[in-house]
Amino acid sequence: MNAVTVYTTGPNCQRCKLTKDVLTRMGVHFTEVDIRQQPAAREYVVDELGYTEAPVVVDEHDHWSGFRPDQIERIART
């Protein structure tokens, strides 16, 4: 299974919560990084990846922003 990182904006982000819940339900292990707490992670998400909305999910092959069940399913199959 891929290494998956979920960059979030904390517990009040509903799309972040949905993404983490579905990843967990589908058995996908992930590391959560709160970009409000880690400036270097925020810089990576905004400046390098170009995203301005959370969550941002990064795996070995792709990355995306927002709640994307289709992408979560893709990860779960690998």
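In this numbering scheme, every chain counts its residues from 1 along its sequence in written order. Thresholds applied to this predicted model are a pLDDT of at least 70 for local features of residues and 80 or more for the giving and counting of side-chain atom pairs; totals over whole chains, interfaces and linings are not thresholded and use all residues. The basis for the side-chain values is all heavy atoms of the structure; hydrogens and waters are excluded.

Participant: Describe the overall build of the protein, with residues and values.
Facilitator: In DSSP terms, a helix is any run of H or I states spanning at least four residues, a strand is any run of E spanning at least two, and both are numbered starting from the N terminus. On a plain count of helices and strands, the protein comes out with three helices and four strands. Sequence-ordered secondary structure for the protein, helices as α and strands as β, is β-α-β-α-β-β-α. Values of the radius of gyration come from C-alpha atoms, whereas the globule rule sets the reference at 2.2 Å times the count of residues to the power 0.38. A globule of 78 residues ought to have a C-alpha radius of gyration of about 12 Å, and the protein, at 11 Å, matches this closely. Expressed along its principal axes, the backbone C-alpha trace of the protein runs to roughly 30 × 25 × 15 Å. Between buried and exposed lies partly exposed: a residue is buried under 20% and exposed over 50% of the maximum accessible area for its type, with that area taken using a 1.4 Å probe on protein chains only. The buried share of the protein, taken over its 78 residues, is 41%.

Participant: Quick one: what's the story with the sheet that holds strand S3 (residues 56–58), residue by residue and with numbers?
Facilitator: Should DSSP find at least two bridges between two strands, the strands are regarded as paired. Strand order across the open sheet formed by four strands is S2-S1-S3-S4, with mixed pairing between neighbours. Edge positions in the open sheet fall to strand S2 (31–34) and strand S4 (63–65), since each of these has one partner strand only. Neighbouring strand axes in the sheet, compared pairwise and without regard to direction, differ in orientation by 15° on average. Sheet topology places strand S1 (residues 5–8) next to S2; four bridges connect them, and they run parallel. Residue pairing for S2: Val 6 is matched across the bridge by Glu 32. Pairs of residues are marked as contacts when any of their non-hydrogen atoms sit within 4.5 Å. Angular values range over 0 to 180 degrees, each being the angle between N-to-C directions of two axes fitted as lines to C-alpha atoms, with helices fitted over their stretch in contact. Set on the sheet, helix H1 (residues 14–25) makes contact with S1, S2 and S3; between it and S1 the angle comes to about 160°.

Participant: Lay out the state of the cysteines with the relevant residues and their values.
Facilitator: Throughout, a disulfide means two cysteine sulfur atoms within 2.5 Å of one another. Tallied over the entire structure, the rule returns one disulfide. Covalently, Cys 13 is tied to Cys 16 through a disulfide, its sulfur atoms 2.3 Å apart. For the disulfide bridge between Cys 13 and Cys 16, the dihedral angle about the S-S bond is near 75°, and by the sign convention the bridge is right-handed. Taken individually, Cys 13 and Cys 16 each receive the classification buried, so the pair is uniform in this respect.

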